[in-house]
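Examining the three-dimensional arrangement
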Amino acid sequence: MNLKILVTAGDGIGPEVTNEAVAVLKEIAAQGGHDFAFTAKRIGGVAIVADGTPLPDETLAAALASDAVLLGAVGGNEFNSLPPDKRPEAGLLKIRAELGGFANLRPAFAFRELAVNSPLRHEIVDGADILFVRELLGGLYFGKPREWNRTAGEAWNTMRYTREEVARVARVAFDLACKRRKKLTSVDKANVLEVSQLWRATVNEVAAEFPGVTLEHQYVDAMAMHLMNRPRDFDVVLTENLFGDILSDESAVITGSLGMLPSATIGGKVNLYEPVHGSAPDIAGKGLANPLGAILTGALILRHSGGLEAEAAAIEASVRKVLEQGFRTPDLARGNASGFTVLSTKEMGAKVRETLSESLSRRGAAQAV
Ligand code: NAD
Ligand code: IPM
Ligand code: MN
């Protein structure tokens, strides 16, 4: 399999975690005879400093010419006073819009080994396995009009969706639910917002195409609570852009750390892969970042852009094994470090590669017999 992968590492811990993800993908390529070609380009704050814009044309052109884009994270405190359209985050929103992927898949899988590190009780989180499908190109993030009118002392954004925008992401979510436990929870605020009423009506229409899937609706406020009380009751969770942003970070409490969560954005010209977390300025440059979310994001590249299911599963199994053996980055050891070996970002990446390499060579040896 040949894959051209553009790496836009970005800011803060972005380069630290994407380095580990790329190294794991190189291990897969070396052992499996695949050809993965990596190119690196700037995005976010580093691009503002070097090129005067958070998404240089060269980066966008390279992204459009690749098979997959792996993005680290963007953002830094030094840019916090800039208006939204000049910030590092504007580069991320622009690359999302240009690549065109509208369905952002954010799996939140609770590894049993990490249950002890969740502030929730073991019996609440054990076995939780949720797939958030977050609409990524609509809602408040892109709706117009938007403005901060300083003279009037007034600001506004627009939460806007068309029926087609809701229907296309709903179809992706229903389709994925068919391949999982066949339950879909659509999250909205239809008791208050017209845009949510359109959302709910459209999801109900699309549901008719998928009679095998059980659909339920939840209001976003109640859903925030249900996720903490009974996360195991949910399978696929479909929601709009901002609600999905918030609920997916909340799901980090179920999985033990934000640093564990991967994502894949599909449905456009080129798929975009990013861990869910941000640039984490509070720990950047210290070797403290958890690279597992980025490494698991690498597995999603193989699954969704390479059709390499076995290789994706091998990465996921290696992550599990490393956790089973008691290796933790500091965010995962939080609250209960005794009995664990705490590793730096690079050490954790190396541990995953070592475990992966052993399992791939065992598999190779078994096939040769
Ligand atoms: P954040 O996700 O960067 O960090 C939140 C908390 O989680 C911090 O305490 C951080 O140390 C911790 N954390 C995050 N990832 C971790 C990892 N891999 N390992 C260990 N700990 C980790 O969110 P924030 O602090 O609210 O935002 C910081 C900047 O990142 C902002 O500029 C924001 O806009 C940006 N951001 C970017 C993306 C992205 O590029 N995809 C996503 C979210 C936030
Ligand atoms: C995410 C981030 C981004 C978002 C920001 C940085 C634009 O929080 O990917 O979850 O809100 O989509
Ligand atoms: Mn977010």
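Since the structure is predicted, the reported quantities are computational estimates derived from the model, not experimental observations.

**Quick look at the site of ligand 1**
Surrounding ligand 1, one finds 21 residues, the nearest of these being Val74, Glu89, Gly278, Ala280 and Asp282. Within the contact set of ligand 1, a nitrogen atom lies 3.4 Å away from a side-chain nitrogen or oxygen of histidine 277. In the environment of ligand 1, an oxygen atom lies 2.7 Å from a nitrogen or oxygen atom belonging to the backbone of glycine 278. Its free accessible area being 810 Å², ligand 1 has 70% of it covered by the protein chains. Class assignment for the residues of the shell around ligand 1 results in 10 nonpolar, seven polar and four charged.

**Description of the environment of aspartate 51**
Within the element layout of this structure, aspartate 51 appears in helix H2 (residues 45–51). With relative accessibility at 35%, the residue aspartate 51 sits in the partly exposed group. If we skip the residues at most four places from it in the chain, aspartate 51 touches Arg42 and Pro56.

**Structural notes on the pattern of salt bridges**
Summed over the entire model, instances satisfying the criterion amount to 25 salt bridges. The closest approach of N and O atoms between arginine 134 and aspartate 245, which form a salt bridge, is 3.9 Å. One end of the pair, arginine 134, is in strand S5 (residues 129–135); the other, aspartate 245, is in helix H9 (residues 241–250), and 111 residues separate them in sequence. Notably, a salt bridge pairs aspartate 233 with arginine 230, separated by 3.0 Å at the nearest N-O pair. Classification of aspartate 233 by relative accessible area gives partly exposed; the value is 36%. With a relative accessible area of 29%, arginine 230 lands in the partly exposed category.

**Considerations on the site of ligand 2**
Close to ligand 2 lie Glu89, Leu92, Arg96, Arg106, Arg134, Tyr141, Asp245 and Val276, which account for all nearby residues. Arginine 96 is positioned with one of its side-chain polar atoms (N or O) 2.7 Å from an oxygen atom of ligand 2. The separation between an oxygen atom of ligand 2 and a polar side-chain atom of arginine 106 is 2.9 Å. Within the complex, the protein chains bury 79% of what would otherwise be the 320 Å² of accessible surface of ligand 2.

**Some points on H9**
For H9, the full list of buried residues reads Asn241, Phe243, Gly244, Leu247, Ser248 and Glu250. Two or three places before leucine 242, at the opening of H9, glutamate 240 has a side-chain oxygen 3.0 Å from that residue's backbone nitrogen.

Definitions and cut-offs
- Residues numbered from 1 in each chain as written.
- Chains lettered and ligands numbered in written order.
- Predicted model: local features only at pLDDT ≥ 70, side-chain atom pairs only at ≥ 80, totals over all residues.
- Heavy atoms only, no water.
- Near = heavy atom within 4 Å.
- Polar contact = N/O pair within 3.5 Å; in protein donor to acceptor, adjacent residues only side chain to side chain.
- Areas by Shrake-Rupley, 256 points an atom, 1.4 Å probe, with all protein chains shown as cover.
- Nonpolar A, V, L, I, M, F, W, Y, C, P; charged D, E, K, R; others polar.
- Helix = DSSP H or I, 4+ residues; strand = E, 2+ residues; numbered from the N terminus.
- Buried < 20%, exposed > 50% of the residue type's maximum accessible area, 1.4 Å probe, protein only.
- Contact = heavy atoms within 4.5 Å.
- Salt bridge = Lys/Arg side-chain N within 4 Å of Asp/Glu carboxyl O.

As far as function goes, none of this settles anything; it's purely spatial.
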